[in-house]
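Analysis of the macromolecular model
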Amino acid sequence: MSTSKVPTKKVPSALTIGIARGGLEIKQFMRQRESVVFTLAFPIMLLAIFGSVFTNELTDGVTFSQYFVAGMIASGLVNTGFQQLAIMIPVERDFGTLKRLRGTPMPASSYFIGKAIVVFVTMAFQVLLLLIAGVLFFGVNLPTDPAKWFTFTWLIILGSAASTSLGIAFSVIPKSGRSASAVVSPVVIILQFFSGVFFVFTDLPGWMQQVAAIFPLKWMTQGMRSVFLPDSFATAEVAGSWETEKTFLIILAWFIAGLIISIRTFKWDRQ
Amino acid sequence: MSSVISVRALKKSYGSTQAVAGIDLTIAQGEIFALLGPNGAGKTTTVEILEGFRNRDSGDVSVLGTDPAIKGEAGRIWRNRIGIVLQSTSDAGDLSVKETVAHFARYYANPRDVDEVVNAVGLAEKSKELIRTLSGGQRRRLDVALGIIGSPELLFLDEPTTGFDPEARRAFWALIKNLRDSGTTIVLTTHYLDEAEALADRVAVINRGAIVEVSTPALLGGRATSLATVSWLSENGPQSERTDNPTALIKKLTEGFNGEIPELTVKRASLEDIYLEMIGGADVHK
């Protein structure tokens, strides 16, 4: 056994380790078959259920499925990032996985980068499958305007980054891995109802709309509506337009807030 | 030998409970140093301060010339030089042994060869198996592999052989001695006194937040000069006598029995006897 040392060699950078962690997290995720199937198929199942219940058209050529697919993608961002992380990180903390990592030269930022990568990749697959199923079975029409695809792309990237940072930030709240699901799930479900994921947003009571407007899910959903619905629908929004710049700024603000809280409060250990 | 760890007047309280009440320690480069003490004696707190997991209230601590409370990039450079084997983790284990060790190797500037490390901890045959299929002892050996993959100058081992069968323990002890012989300093906490005796160059006994004694296992608590207990079987049943001169007693008995002494044993205090006496436990000589 040799312990040869090259003292000049530097500790790998946070980004290098973060990318390695992303690969590892994806590998671990892919090996949990049930969770893979559930994560990828759940939005499709919901789309199938809602598409079957509400068969009427909102206007000529725009089905409820077309409206609903926007909500499904937005809420996928919250499920895959925020919910998944806020539940899994306390479990990793309980298992001692985080404390072990704390004892290595791996910095917290690498851990965060790894989580962001796995969330983004999972999200990309989830959206791809949802759109394929939507087009093939539920008559969803994809946008043709490149500007809409541009909005779609930054929404997925910024949305999954914000969802990741907020999930890590929220992970300090559940006291244990066992209680995490009970603490996190209600927050997500209430937010989904308030944000117009399951209903037409403008049909909701005014106070609910105002509460929802504080949180990012409403903006992600509205952003996705701007991608999947004809521009004529913009006038039906609360503000009478898609508010694209505002959407970007609000999601960005949440991402930064989540990041700051994560860096300041992240806990490696139970006590 | 230069000192790898140096601790002066270390104190740490939790609320009104003083866990560490002024500890001094010096651990030299290349030695195996065992910390013994009952649960709640301050052992874990002390080690976790040395590992950088916990902050101290007062005192001076230097580990590899650095204060373990260090943060940021300098903290990473410091952690690159140490290895920590905590009590076992219990994650889902969806990765193979080799994948896990290879991944941890990417955290360090000068990792050891992955296969060599997997081999050294005796998991070569399990290299491609998922961690979830490992036994408790095998998982523990994986923990050790992850602790040494970064070629640490200093290795912390917390209860390393819990769940090992006797054969695996022997193999593990050989591995640790090997690391020591190649220059690694090892700080071991254990509940197994035989383990401390087999491995440690020096032991410290901690009780109620303070060091009771630091010595070699052979000399701890005046063990080398402690009374021997000679036991044998006479016509009146089992006999036993404590003496500081067992040879003379046996000579006398040999003459009395005119040859073989039935069921003769001579027993010196074991490390465990001495340890229990030091921490105020049961007196096993009675």
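In what follows, the accompanying structure is described. None of these values were measured; they are calculated from a predicted model. (Residues numbered from 1 in each chain as written. Chains lettered and ligands numbered in written order. Predicted model: local features only at pLDDT ≥ 70, side-chain atom pairs only at ≥ 80, totals over all residues.)

**Regarding the overall build of chain A**
If you tally the helices and strands in chain A, you get 10 helices and 2 strands. Along the chain direction, N to C, the helices and strands of chain A fall in the order α-α-β-β-α-α-α-α-α-α-α-α. For chain A, whose C-alpha radius of gyration is 20 Å, the value lies close to the compact-globule estimate of 18 Å for 271 residues. Expressed along its principal axes, the backbone C-alpha trace of chain A runs to roughly 75 × 35 × 35 Å. Burial analysis of chain A (271 residues in total) assigns 45% to the buried set. Partitioning the intrachain contacts of chain A with sequence separation of at least 6 by distance along the chain shows that 83% fall at a separation of at least 24. (Helix = DSSP H or I, 4+ residues; strand = E, 2+ residues; numbered from the N terminus. Rg over C-alpha atoms; globule rule 2.2 N^0.38 Å. Buried ≥ 20, exposed ≤ 12 C-beta atoms within 10 Å, placed from the backbone. Contact = placed C-beta atoms within 7 Å.)

**Considering the interface of chain B and chain A**
Contacts between the two partners involve 27 residues from chain B and, on the opposite side, 27 residues from chain A. Where the side of chain B that touches chain A is concerned, the elements lending two or more residues are α2 (72-79), α3 (97-105) and α4 (114-120) of chain B. Here the side of chain B that touches chain A takes 3 residues from α2(B), the largest share from any one element. For the side of chain B that touches chain A, a count of residues per class yields 10 nonpolar, 10 polar and 7 charged. (Nonpolar A, V, L, I, M, F, W, Y, C, P; charged D, E, K, R; others polar.)

**Remarks on helix α8 (residues 246-257) of chain B**
Along its 12 residues, α8(B) runs 16 Å from first to last C-alpha, staying within 8% of the 16 Å computed at 1.5 Å per residue. Counting buried residues in α8(B) gives 0 out of 12 residues, a small share hidden from the surface. (Expected span 1.5 Å × (residues − 1).)

**Some points on the packing of helix α6 (residues 146-170) of chain A against helix α9 (residues 216-228) of chain A**
Residues and elements named next belong to chain A. Interaxial distance between α6 and α9 falls to 9 Å at its minimum, and their mutual angle equals 160°. In terms of their interaxial angle, α6 and α9 are classed as roughly antiparallel. Pair α6 / α9 crosses with left-handed handedness. Here Lys148, Thr151, Phe152, Leu155, Gly159 and Ala162 of α6 come into contact with α9, specifically with Pro216, Met220, Gly223, Met224, Ser226 and Val227. Taken together, the residues of the contact of α6 with α9 break down into 7 nonpolar, 4 polar and 1 charged. (Axes fitted to C-alpha atoms, helices over the stretch in contact; angles between N-to-C directions. Parallel < 35°, antiparallel > 145°, perpendicular 65-115°, else oblique. Left-handed = near helix turned anticlockwise from the far one by under 90°.)

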